[in-house]
Amino acid sequence: MTTPVYLDYAATTPVDPRVAELMSRHLTLDGIFANPASRSHMLGWQAEQAVENARRQVADLIGADPREIVWTSGATEADNLALIGYLRANRHRGRHLVTSVVEHKAVVDTAHALESEGFEVTWLPPGRDGRVTPEQLREAMREDTVLVSLMAVNNELGVIHDLAALAEVAHAGGALFHVDAAQAVGRLDLNVGRLGIDLMSLSGHKAYGPKGIGALYVRRDPDIRLEALIHGGGHERGMRSGTLATHQIVGMGEAFALAGAEGEDDQARITALRDRLLAGLADLDGIHRNTAVEVAVPNILNLAFEGVDGESLLMALRDVALSTGSACNSASVEPSYVLKAIGLPRALALASLRFSFGRFTTEADIDTALSALRHALTGLRRQAI
Ligand SMILES: *Cc1c(COP(=O)(O)O)cnc(C)c1O
């Protein structure tokens, strides 16, 4: 059996070998393995230094101060800490959150949990392109709105929110602006100062770092108070207790440094790969672009294939690893809630595939996917007649 071509980078990226090599030097007795909180010996100080170096690497990529980075287990936990931690700590100021229906489940389900705690949520619907506009946000703002949470890049469609404009509206309404940027690292400029972002969720494994590590950017000026979700030794300025995972953290730091150094080149190369895929399908009928490519990152392309069922198409595409909509939902046969929200008819939503590319995707990978796809489509459509 041949290894399938991997076109599911939006679900997770492979760890960059340079990152893996560095991580392996932070595990064993001959490496930097000690507890970064150990103050009584040099080995602890070395681990602390490794962690602080990584904190600076992450901060540098987003134009932040290292003291504004709080390590978490991933973007999911960062989203939970931002939303729950901020709303609970500021309930005396207001109880209203604004977000969108196309957010990742890490935000959607957290906002639902807050609703059951008595907070109020306004759920903005996206336009056909999958984005919420600053005008929509302006209309949703209330006296008691304390937080706005919108994603940088949609994980199913790849479309990019106008963060600077949305932040301005949130601030004008007296609220803070939280951004889930899990899909944006190495793809977009994420300078928090320029964009006006107050809280930002980051993930290691969507940017060639390891799984199980992430961070929340928490603006310090003015200081933002968050109620901790995880209590313990008071790590991370009391916002997130637990022994720091040195190997994961140095991995994420190195991955983010590489994103800063190579992200733009990666994206230029990936744009050509995406266009190669589109060109290779141009002569086929009944293919809809769910992704508004002119406002999307080039590494995510969502397409609908008229007259076929997405699951059958996936089965026929065994040599290509990709997903229908969001990987988190692939157990259910319900159409993706994101594709529903942009108004795609049920049949087309069920016949949609998300292609996502990355640093290690080659032209040969695209060509393999193209010939598998063309073969599968012709076969399935012939059956359907
Ligand atoms: C993957 C992803 C998450 C979850 O990140 P984890 O680090 O896996 O917890 C959150 N939001 C978006 C947009 C994502 O793509």
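Residues numbered from 1 in each chain as written. Predicted model: local features only at pLDDT ≥ 70, side-chain atom pairs only at ≥ 80, totals over all residues. Heavy atoms only, no water.

Looking at an unreviewed UniProt entry, one finds the protein named cysteine desulfurase, with Halomonas alkalicola as its source organism. Comment text from UniProt for the protein, heading Sequence similarities (unreviewed entry), reads "Belongs to the class-V pyridoxal-phosphate-dependent aminotransferase family. NifS/IscS subfamily." (UniProt positions renumbered as here; feature names shortened; annotations may be inferred.)

A. Structural view of the site of the ligand. Contacts to the ligand come from 13 residues, most closely from T76, D180, S203, H205 and K206. H205 places a polar side-chain atom, nitrogen or oxygen, 2.7 Å from an oxygen atom of the ligand. Here an oxygen atom of the ligand and a side-chain polar atom of K206 are 2.7 Å apart. Here the ligand, which alone exposes 380 Å², has 88% of that area covered by the protein. Examining the composition of the shell around the ligand, we find that three residues originate from one element, helix α3 (residues 75-89), more than from any other. Of the residues in the shell around the ligand, the class split is three nonpolar, seven polar and three charged. (Near = heavy atom within 4 Å. Polar contact = N/O pair within 3.5 Å; in protein donor to acceptor, adjacent residues only side chain to side chain. Areas by Shrake-Rupley, 256 points an atom, 1.4 Å probe, with all protein chains shown as cover. Helix = DSSP H or I, 4+ residues; strand = E, 2+ residues; numbered from the N terminus. Nonpolar A, V, L, I, M, F, W, Y, C, P; charged D, E, K, R; others polar.)

B. Main features of unusual backbone geometry. With omega at 0°, the peptide bond leading from D221 into P222 counts as cis. Looking at the element boundaries, P222 is found in the loop between β8 (214-218) and α8 (246-281). The backbone of Y208 sits at a positive phi, close to 70°, despite the residue not being glycine. Topologically, Y208 is positioned in the loop between β7 (199-203) and β8. Note on Y208: relative accessible area 5%, which makes it buried. (Buried < 20%, exposed > 50% of the residue type's maximum accessible area, 1.4 Å probe, protein only.)

C. How the structure looks around the pairing of strand β5 (residues 145-151). Counted residue by residue, β5 has seven buried out of seven residues, so it is predominantly covered. Across three bridges, the pairing between strand β3 (residues 96-100) and β5 is parallel. By the bridge assignment for β5, V98 is matched with V148. Bridge count between β5 and strand β6 (residues 176-180): five bridges; the pairing is parallel. When the sheet's bridge partners are listed, V148 is paired in β6 with F177. Handedness of the β-α-β unit built from β5, helix α6 (residues 163-172) and β6 comes out right-handed. (Pairing = 2+ DSSP bridges. Right-handed = clockwise from strand over helix to strand, strands pointing away.)

D. Here's a closer look at the sheet that holds strand β9 (residues 287-289). Strand order in the open sheet made by the three strands is β9-β10-β12, with antiparallel pairing throughout. A strand with exactly one partner marks an edge of an open sheet, and here the two such strands are β9 and β12 (352-356). Averaged over neighbouring strand pairs, the angle between their axes works out to 30° when direction is ignored. Running at roughly 15° to strand β10 (residues 300-305), α8 makes contact with β9, β10 and β12 of the sheet. (Axes fitted to C-alpha atoms, helices over the stretch in contact; angles between N-to-C directions. Contact = heavy atoms within 4.5 Å.)

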